[in-house]
Amino acid sequence: MSQIKIPIGPQHPALHEPESFNLTLEGEIIVEAEAKLGYNHRGIEKACESRNFIQDIYLLERICGICSHSHSTCFVQAVEEIAAVEVPLRAKYIRAIIGELERIHSHLLWVGVAGHEVGFETLFMYAWRDREIVMDILAWISGNRVNYGMNTVGGVRRDISPEILEQILGSLNTLIERTEYYTRIVTDEPTFMGRLRGVGKLSKEQALSLGAVGPIARASGIARDVRQDDPYGAFSEIEFRISTDDHEDVLGRTVVRVHELMESYRLLRTLIENLPEGPIAVKVPRKIPVGETLSRLEAPRGEDILYLKTNGTEMPERVKVRAPTLANLASIREMLCGAYLADFPIIVAAIDPCFSCTDRMIRVGNGKNDNLMNWQQLREYSIEWHKKQGLDLGQIK
Amino acid sequence: MNVQWTLLYMFVFPGFLFLIAYSMICEWVDRKLFARFQNRIGPPWFQPEADFIKLLSKEEIIPDAADKVMFRLLPIFAIAAVLTAFLYLPIWNTNAIYSFKGDLIVVFYLLTIPTLTFFLAGWNSTSLFSALGSVRNLTQLFSYEVPLLLSLLGPALLAGTWSISGISAFFLKRPELLVVNIIGFLVALVAVQGKLERVPFDIPDAETEIVAGSFTEFGGRLLGLFRLATDLEMVVVATLLSAVFLGGSFGLHPVLGFIIFVVKTLFIVCILTLFKTVMARVRMEQMMKFCWKYLAPIALIQLLINILVKAYFL
Amino acid sequence: MNNQELVTFLQTQFSGKVTNVTSPREKRIFAEVATTELVKTLQTLKNSGVHFLGTITGVDSGEKFEVIYHLYNDDGIVLNMKTFTPRTDPKVPTVTTVFSGAFLYERELMDLLGIDVEGTPPNRRYPLPDDWPVGQFPLRKDWKSLSSEEEVNKA
């Protein structure tokens, strides 16, 4: 059969963010896959160098909507390490609580997306309904559903009241019950299992050499989790159980995520029960001494790395972010080649890709576009246009 | 039967107008039930009509490289084939508007035409996703068609007639024999999922893989007509199954018979929705394997049972 | 290997090729190596258990560019291996022969800092768009982005 090339993306129902894949097909089988990245490049690393440390927290938080807390925590950890600040224990615990809530909402979102990608709409609707419980808790704690704005250098900005802690503990029971139900679906439902098993194989050796991280690596039998390898914040004080699986395929990745959900519920309970009293933040000078460090954090999608170099001023010398998706994209070709076209959406979804995290550096504007307008011009254009339609909006100031 | 009545039967009730209205109601039942199963609220009763009217009012965009006449004609072909098939199906009694000895086979092949128009529509669209979708359409046709025909053969064999009205009339006399066909009914229910391109066999228009399959390039009025054709197909298939496997409307009083018809078709629609709710979409090769390895042999077993029943009990 | 063992390993096994080995805190080690020795050193490290490449960072430090390879071992110890290359002719060898997943990180070095990575597999550019002007490297300190106002006026 002759080969055909099909473009998937930048706009395609299977991808929730703009990223482009060129697949070469022989019939229904993918023989070659090529990813084109960079559509979401926003120049965040460069922008960080011209903003102070406090501003950078909020900028880095906007790298990604889902794992926003992970990126900002990773950054403040690095700043605190260079500034040699001891963060209050309560702040560490609150960071960990938000981090785990974030992991729960990210994994529940993923379970839904996985259902959607293989045409199992019911799972999609159920998982997203239950995710609302976590979103409500997060909104109650921080006022926001995403981009919580909890972190600051030296601690956290908001305390969690005892009533909210009660509420979280109450909701946990519902969530555990629902997650057990999803575990049953994942391991029992024949059509769903049939779509996941043996799909997107990535052997342990490949995962190691291509540098896979997070649930992808753990589903290939690599017991790597920053919370265990290099404990940060509250994780150096509480016990943590790593979830791995040896299916090496999408089913394994699903199982790992579902198990991580259960582990997160357990961690949340421990964190809340042992939440120490005390201040939530210490004051840190605006100027951070010269230094460099590498901060690691286990985001829901895998390991987040942040390299920070400071020069003694209020602004960093260099900030480098390596989001988990970029590490996992290196192995996407291995997973796609030889698969069916029908498996493309679930294989890509299985790395839980966050392309916004991956491309994060430049503002695109090459000056070739003749229709660029500034605000004033846009306003005048709009007034002109409405005049032509017989409406004079120029009076409105 | 005089001409006026025939025309009324054909075009108004139980013909085209009624069928179109009823298919919209069935679509609503399907969508509402699907939503309630998923713990959503679901659309109001007039949503299918509103969708249809909205699509009719939209601009028609035809790809440059496509054959324009064919592009416009294909949806009409699809609708015409389904509407013609409906004429041979009994509604409130055991007699269809038209009926002759071999109409089961005719209906079966008329119901194949929409799939072929989907294929042609996709192929004619000259877009990659459409082409992939249409190839899948045909591949799928080859996997469900045989089990479906085999399962329909069972009751026909038992009744000793190829006429749908004849089969209904036969079961009216021997209702206890309906039970014999239960396996065939289940096979047919699964196979029509493939025919109607619904989950778990919605492979030709798998949104996350190939956008909208054959219909990717379609929009506005033409898409509206295609969607209408799919809705009509669902009602016609449900009516066919209810006439062949559930004994039609038992030849009761027309009003009661009509209520039975509605109940039975809605029952089949509900079962189809239930399938859609509890399953994920399978892959093409999984479907082929399933249809040929399991569905077709089971249908053959049903045939064997029917032959034995016919030999010993009739 | 724990922290101290790895530090000793670095100091003794490379006959002085790996310099400035420091460990500012537990599980973090910084070290430097010449560009010419880079691939060989990484290969030796990979064989002795430091077998995971986290990412590659490029830093513009004026006269020269620093390229930092963040490596881990199974005990979660991070080894930040630095190498320097002159600004006038920035060049580093590819490490994809050792860590095959490194090609995306090397693309970043090429696109954003203009460091020539010798021998990296051919690929399309990442992360900048295809029509990005030649010779513009946004992460260099002398590169300034225009404000949106300036961008409009230029157009």
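Residues numbered from 1 in each chain as written. Chains lettered and ligands numbered in written order. Predicted model: local features only at pLDDT ≥ 70, side-chain atom pairs only at ≥ 80, totals over all residues. Heavy atoms only, no water.

Caption draft 1: Fine view of the interface of chain C and chain A. Contacts between the two partners involve 52 residues from chain C, matched on the other side by 54 residues from chain A. Regarding the contact of chain C and chain A, the summed buried area is about 4300 Å², with carbon and sulfur atoms giving 53% of it. Counting the contacts that link chain C with chain A gives seven salt bridges. Between Asp 74 of chain C and Arg 224 of chain A there is a salt bridge, with its nearest N and O atoms 3.8 Å apart. (Contact = heavy atoms within 4.5 Å. Buried area = accessible area lost by both parts, 1.4 Å probe. Salt bridge = Lys/Arg side-chain N within 4 Å of Asp/Glu carboxyl O.)

Caption draft 2: Highlighting the pairing of strand E5 (residues 78-86) of chain C. Residues and elements named next belong to chain C. Here E5 lies mainly inside the structure; seven of its nine residues are buried. As defined by bridge partners, strand E2 (residues 28-33) adjoins E5 across five bridges and the pair is classed as parallel. In the strand pairing of E5, Arg 28 is matched with Val 78. Pairing of strand E4 (residues 64-72) with E5, which is carried by nine bridges, proceeds in the antiparallel orientation. Looking at the pairing, Glu 66 lines up with Phe 84 of E5. Two successive antiparallel strands, E4 and E5, enclose a turn made up of five residues, where Gly 76 displays a positive phi of approximately 80°. (Buried < 20%, exposed > 50% of the residue type's maximum accessible area, 1.4 Å probe, protein only. Helix = DSSP H or I, 4+ residues; strand = E, 2+ residues; numbered from the N terminus. Pairing = 2+ DSSP bridges.)

Caption draft 3: Local environment of the interface of chain B and chain A. Residue-level contacts link 24 residues of chain B with 32 residues of chain A. For the pair chain B and chain A, the summed buried area comes to about 2400 Å², and 59% of that belongs to carbon and sulfur atoms. If you sort the residues of chain B by the area they bury against chain A, Thr 208, Glu 209 and Arg 283 of chain B come out on top, with a joint share of 25%. Our enumeration of links across chain B and chain A arrives at one salt bridge. Here Arg 283 of chain B ties to Asp 343 of chain A by a salt bridge, and the two come within 2.9 Å at their closest N and O atoms. At the junction of chain B and chain A, the tally comes to eight residue pairs in polar contact (both at pLDDT 80 or more). Taken together, the elements giving at least two residues each to the side of chain B that touches chain A come down to helix H2 (16-37), helix H7 (128-159), helix H10 (207-210), helix H12 (254-278) and helix H13 (284-313) of chain B. Of the residues belonging to the side of chain B that touches chain A, the class tally is 12 nonpolar, five polar and seven charged. (Polar contact = N/O pair within 3.5 Å; in protein donor to acceptor, adjacent residues only side chain to side chain. Nonpolar A, V, L, I, M, F, W, Y, C, P; charged D, E, K, R; others polar.)

Caption draft 4: Region of the structure containing the environment of Phe 52 of chain B. Residue and element names in this part refer to chain B. Its location among the elements puts Phe 52 in helix H3 (residues 47-56). When the C-alpha atoms of Phe 52 and Arg 227 are compared, they prove to be 8.2 Å apart, with 175 residues separating the residues in sequence. Excluding residues within four positions of it along the chain, Phe 52 makes contact with Met 24, Gly 224, Leu 225 and Leu 228.

Caption draft 5: Fine view of the confidence of the model for chain A. Residues and elements named next belong to chain A. Averaged over all residues, the pLDDT of chain A equals 83, while 94% of them reach at least 70. Model confidence for chain A, summarised as mean pLDDT per element, is weakest for helix H15 (residues 355-358) at 64 and strongest for helix H3 (residues 68-83) at 90. Confidence drops under a pLDDT of 50 for residues 361-367, and excluding neighbours within four residues, the segment shows 31 contacts in the predicted structure. (pLDDT = per-residue confidence, 0-100.)

Caption draft 6: Spatial organisation of the packing of aromatic side chains. Here the structure, examined in full by the defined rule, presents 23 aromatic pairs over all chains. Judged by centre distance (6.3 Å) and plane angle (20°), the rings of Phe 53 of chain A and Phe 75 of chain A are stacked. Residue Phe 53 of chain A is located in helix H2 (residues 53-61), and its partner Phe 75 of chain A is located in helix H3; the two are separated by 22 residues in the primary sequence. Residue Phe 53 of chain A shares its accessibility class with Phe 75 of chain A, and that shared class is buried. Each ring, one from Phe 18 of chain B and one from Tyr 22 of chain B, has its centre 5.5 Å from the other, and the planes form 10°; the classification is stacked. Here Tyr 22 of chain B and Phe 18 of chain B lie together in helix H2, a separation of four residues that amounts to about one turn. A network of ring pairs unites the aromatic residues Phe 71, Phe 118, Phe 215, Phe 218 and Phe 226 of chain B as a single cluster. The lysine or arginine in question, Lys 46 of chain C, covers the ring of Phe 99 of chain C, its NZ or CZ lying 5.6 Å from the ring centre. Directly above the aromatic system of Phe 84 of chain C lies the positively charged group of Lys 64 of chain C, at a separation of 4.7 Å from the ring centroid. (Phe/Tyr/Trp six-rings, centres within 6.5 Å; stacked < 30°, edge-to-face > 60°. Lys NZ or Arg CZ within 6 Å of the ring centre and 35° of its normal.)

Caption draft 7: Region of the structure containing H13 of chain B. All names here are of chain B. End to end, H13 covers 41 Å across 30 residues, agreeing with the expected 44 Å (1.5 Å per residue, within 8%). At Cys 291, H13 is deflected by roughly 35°, the largest bend along its length. Within H13 the residues assigned to the buried category are Met 284, Met 287, Cys 291, Leu 295, Ala 296, Ala 299, Gln 302, Leu 303, Asn 306 and Val 309. In this structure, the buried side of H13 is in contact with H7 and helix H9 (182-195). (Expected span 1.5 Å × (residues − 1). Bend = angle between axes of the 7 residues up to and from the residue.)

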